[in-house]
Number of protein chains: 2
Amino acid sequence: MEVIVLKEGYCREGEKKGSFKASGTITVVKGEHHNILVDTGNPWDTGELLSELSKANLEIKDIHYVVCTHGHSDHVGNLNIFLQSTHIVGHDIAYKDNYEDIAFKEGEPYEIEDNIEVISTPGHMHHDISVVVKNTKHGTVVIAGDLFECEKDLDDSTIWKEKSEDKELQEQSRQRVLEIADYIIPGHGPGFKVPKPS
Amino acid sequence: MEVIVLKEGYCREGEKKGSFKASGTITVVKGEHHNILVDTGNPWDTGELLSELSKANLEIKDIHYVVCTHGHSDHVGNLNIFLQSTHIVGHDIAYKDNYEDIAFKEGEPYEIEDNIEVISTPGHMHHDISVVVKNTKHGTVVIAGDLFECEKDLDDSTIWKEKSEDKELQEQSRQRVLEIADYIIPGHGPGFKVPKPS
């Protein structure tokens, strides 16, 4: 199992008061039988996404699943490049105009293969999902979208609460992911090791 | 003010039990000073979107705003075609990685020009928005995304409630739109006149 960050997301203050500059992390998972692109960046990230994918020795046709952790514009900007892939966007699973029946709402994971599953982790938005990858060099990696904005939000909850649709729900999802993950790839910062009680 | 439906959305049962076939309505508004694309269809709609835009005598560079009523995959599928436009996706307003401060959450409309504004209409998702266009041949038109699935959902509330993140909130948004609109363009069916008390 290999997890490669194609573009590291960020979020910082903008030039105008109240504005900000942001872009979502783009990640690819090379599984045993499937390649999964997790989040597609913003609509202006097309060139960088394709170039980084190529550096990871992957072509568009090699991507079996495109998973968008949630429906914000800096995560869903490049869906239409991957027309041979199954798309999982939040709680929706689709190929072309065919939508599968959804198990996420009942709390069931969606298993892509033995060591890769998609789980519902609501709170930032109500339909947020995360991708869980076991047996990597970092142990169990969770690609969590904006459930975690960045490592710093472990100590400063104002960072994630400011952008949360449901803080209580998000807190529950965060605790669940902190329990199962050894390493987290957040939506707007570098990946980090999960602190464990010694 | 001219409102042109480029592709009429639909939602019907799929072949497999529990599955469904769906696509979101794509609309363009020709205002006095701005052209606004409302929803971009699913990722496989690119060709049809561009062809219909051309029939409406518009090129990509003529679109000043792309508004996605919400972040479901059949509405945000083609954002990366419109790289000269300001993007409003749910409550987010962005150009490239620059995000404006957001007034939607405080209930303020975003005015594009005198007769065109974007308003917050949450419920289907928590960040749903609608585009209000005054002085059209149909009177005040509201392009409402999935706040209304189709005309039939006026009489059969199970249609919209089944896909709602917050039914109570959506009911309030629906009532508000029914009061201001003469004509509604829903997410998954033809436009319809709003029934008014005689």
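Rules behind the numbers
Residues numbered from 1 in each chain as written. Chains lettered and ligands numbered in written order. Predicted model: local features only at pLDDT ≥ 70, side-chain atom pairs only at ≥ 80, totals over all residues. Heavy atoms only, no water. Helix = DSSP H or I, 4+ residues; strand = E, 2+ residues; numbered from the N terminus. Rg over C-alpha atoms; globule rule 2.2 N^0.38 Å. Buried < 20%, exposed > 50% of the residue type's maximum accessible area, 1.4 Å probe, protein only. Contact = heavy atoms within 4.5 Å. Areas by Shrake-Rupley, 256 points an atom, 1.4 Å probe, with all protein chains shown as cover. Lys, Arg positive; Asp, Glu negative; His and termini not counted. Charge placed at Lys NZ, Arg CZ, Asp CG, Glu CD. Salt bridge = Lys/Arg side-chain N within 4 Å of Asp/Glu carboxyl O. Phe/Tyr/Trp six-rings, centres within 6.5 Å; stacked < 30°, edge-to-face > 60°. Lys NZ or Arg CZ within 6 Å of the ring centre and 35° of its normal. Least-squares fit on C-alpha atoms with pLDDT ≥ 70 in both. Buried area = accessible area lost by both parts, 1.4 Å probe. Polar contact = N/O pair within 3.5 Å; in protein donor to acceptor, adjacent residues only side chain to side chain. Nonpolar A, V, L, I, M, F, W, Y, C, P; charged D, E, K, R; others polar. Pairing = 2+ DSSP bridges. Axes fitted to C-alpha atoms, helices over the stretch in contact; angles between N-to-C directions. Core = buried A, V, L, I, M, F, W, Y, C linked by side-chain atoms within 4.5 Å. pLDDT = per-residue confidence, 0-100. Expected span 1.5 Å × (residues − 1).

## What to know about the overall build of chain A
Phase 1: The helix and strand inventory of chain A stands at three helices and 15 strands.
Phase 2: Its C-alpha atoms give chain A a radius of gyration of 16 Å, within 12% of the compact-globule value 16 Å for 198 residues.
Phase 3: Principal-axis analysis of the C-alpha atoms places the extent of chain A at approximately 40 × 40 × 35 Å.
Phase 4: Looking at chain A as a whole, 58% of its 198 residues are labelled buried.
Phase 5: Put simply, of all contacts in chain A between residues at least 6 apart along the chain, 54% involve residues at least 24 apart.
Phase 6: Summing over all exposed atoms, chain A offers an accessible surface of approximately 8600 Å²; the carbon and sulfur share of this is 45%.
Phase 7: With 20 positive and 36 negative side-chain charges, chain A shows a separation of 6 Å between the mean positions of the two kinds.

## Overview of the pattern of salt bridges
Opposite charge on two side chains permits them to pair, given that their charged atoms come into close proximity.
Phase 1: Counted under the stated rule, the structure contains 12 salt bridges over all chains.
Phase 2: Here Asp62(A) makes a salt bridge to Lys61(A), at a shortest N to O gap of 3.3 Å.
Phase 3: Between Lys21(B) and Asp97(A) there is a salt bridge whose closest N-O contact spans 3.3 Å. You can see Lys21(B) sitting in strand β3 (residues 20-23) and its partner Asp97(A) sitting in the loop between β8 (92-95) and β9 (98-99), one on each of two chains.

## Let's talk about the packing of aromatic side chains
Phase 1: Tallying each qualifying case throughout the model produces 10 aromatic pairs over all chains.
Phase 2: On the basis of an interplanar angle of 65 degrees and a centroid distance of 5.3 Å, the ring pair of Trp44(A) and Tyr95(B) is categorised as edge-to-face. In this pair, Trp44(A) is assigned in the loop between β5 (35-38) and α1 (46-55) and Tyr95(B) in strand β8 (residues 92-95), connecting two distinct chains.
Phase 3: Relative to Phe192(B), the ring of Phe148(B) has its centre 6.3 Å away and its plane inclined at 70 degrees; by these criteria the two rings are edge-to-face. Taken as a pair, Phe148(B) in the loop between β13 (139-145) and α2 (158-161) and Phe192(B) in strand β15 (residues 192-193) lie far apart in primary sequence, 44 residues in all. Both residues of the pair, Phe148(B) and Phe192(B), count as buried.
Phase 4: These aromatic residues form a ring-pair network of at least three members: Tyr65(A), Phe104(A) and Tyr110(A).
Phase 5: In this arrangement the basic side chain of Lys163(A) is found over the ring face of Phe20(A), its NZ or CZ atom lying 5.2 Å from the centre.

## Some words on the relation of the copies chain A and chain B
Phase 1: Expressed as a screw operation, the relation of chain A to chain B combines 0.0 Å of axial shift with a rotation of 180 degrees, fitting to an RMSD of 0.0 Å. What the rotation and shift describe, once combined, is the action of a two-fold rotation axis. Among all residues of chain A, the minimum C-alpha distance to the rotation axis is found for Gly71(A), at 2.1 Å.
Phase 2: Of all interface residues in chain A, 100% are interface residues in chain B too; the two copies therefore contact each other through one and the same surface.

## Notes on the environment of Gln170(A)
Residues and elements named next belong to chain A.
Phase 1: Residue position: Gln-170 is located in helix α3 (residues 167-180).
Phase 2: In this structure the C-alpha to C-alpha distance between Gln-170 and Phe-148, which are 22 residues apart in sequence, comes to 9.3 Å.
Phase 3: Those residues in contact with Gln-170 that lie beyond four places of it in its chain are Pro-122, Gly-123, His-124, Asp-146, Leu-147, Trp-160 and Ser-164.

## Structural notes on the interface of chain A and chain B
Phase 1: Counting from both sides, the interface comprises 38 residues of chain A and, opposite them, 38 residues of chain B.
Phase 2: Regarding the contact of chain A and chain B, the summed buried area is about 3300 Å², with carbon and sulfur atoms giving 54% of it.
Phase 3: Three residues stand out in chain A for area buried against chain B, namely Trp44(A), Asp97(A) and Tyr99(A), and they jointly supply 24% of the buried area on that side.
Phase 4: Remark: the boundary between chain A and chain B carries two salt bridges.
Phase 5: Run the count over chain A and chain B and you get 18 residue pairs in polar contact (both at pLDDT 80 or more).
Phase 6: Secondary structure elements with two or more residues in the side of chain A that touches chain B: β3 (20-23), β7 (86-89), β8 and β9 of chain A.
Phase 7: Of the residues that constitute the side of chain A that touches chain B, the class distribution is 15 nonpolar, 15 polar and eight charged.

## What to know about the sheet that holds β8(B)
Phase 1: With respect to topology, nine strands assemble into an open sheet ordered β2(A)-β3(A)-β9(B)-β8(B)-β7(B)-β6(B)-β5(B)-β4(B)-β1(B), the strand pairing being mixed. One side of each edge strand has no neighbouring strand; the edge strands of this open sheet are β2 (10-13) of chain A together with β1 (2-7) of chain B.
Phase 2: Where helix α1 (residues 46-55) of chain B meets the sheet, it contacts β1, β4 (26-30) and β5 (35-38) of chain B, and its direction lies at approximately 145 degrees from that of β1(B).

## What about the nonpolar core?
One broad trend across soluble globular proteins is that nonpolar side chains are buried collectively.
Phase 1: Counting 32 residues, the largest nonpolar core has Leu37(A) and Leu37(B) as the members making the most contacts within it.
Phase 2: Those residues in contact with Leu37(B) that lie beyond four places of it in its chain are Leu6(B), Ile26(B), Thr27(B), Val28(B), Leu49(B), Leu53(B), Ile63(B), Tyr65(B), Val66(B), Val67(B) and Phe82(B).

## Quick notes on the side chain of Glu149(A)
Residue and element names in this part refer to chain A.
Phase 1: Structurally, Glu-149 is set in the loop between β13 (139-145) and α2 (158-161).
Phase 2: With no salt bridge to any partner, buried Glu-149 finds its closest opposite charge in Lys-163, at an N-O distance of 4.8 Å.
Phase 3: If we ignore the near neighbours within four places in the chain, the residues touching Glu-149 are His-124, Ile-159, Trp-160, Lys-163, Pro-186, Gly-187, His-188 and Gly-189.

## Things to note about the sheet that holds strand β2 (residues 10-13) of chain B
Phase 1: One open sheet accounts for nine strands, arranged β1(A)-β4(A)-β5(A)-β6(A)-β7(A)-β8(A)-β9(A)-β3(B)-β2(B); its pairing is mixed. Both edges of this open sheet fall to β1 (2-7) of chain A together with β2 of chain B, since each of them pairs with a single strand only.
Phase 2: With five bridges joining them, β1(A) and strand β4 (residues 26-30) of chain A adopt antiparallel strand pairing. Paired with Val3(A) across the two strands is Val29(A), which belongs to β4(A).
Phase 3: Each of β1, β4 and β5 of chain A touches α1(A); the most contacted strand, β1(A), lies at about 145 degrees to it.

## Topic: the confidence of the model for chain A
Phase 1: Taken over all residues, the pLDDT of chain A has a mean of 96, while the share at 70 or more is 99%.
Phase 2: This prediction of the complex comes with two scores: 0.97 for pTM and 0.96 for ipTM.

## Considerations on α3(A)
Residue and element names in this part refer to chain A.
Phase 1: End to end, α3 covers 20 Å across 14 residues, agreeing with the expected 20 Å (1.5 Å per residue, within 8%).
Phase 2: Of the surrounding elements, those touching the buried residues of α3 are β13, α2 and β14 (183-186).
Phase 3: Capping the start of α3, Asp-166 holds a side-chain oxygen 3.3 Å from the backbone nitrogen of Glu-168, two or three residues further along.

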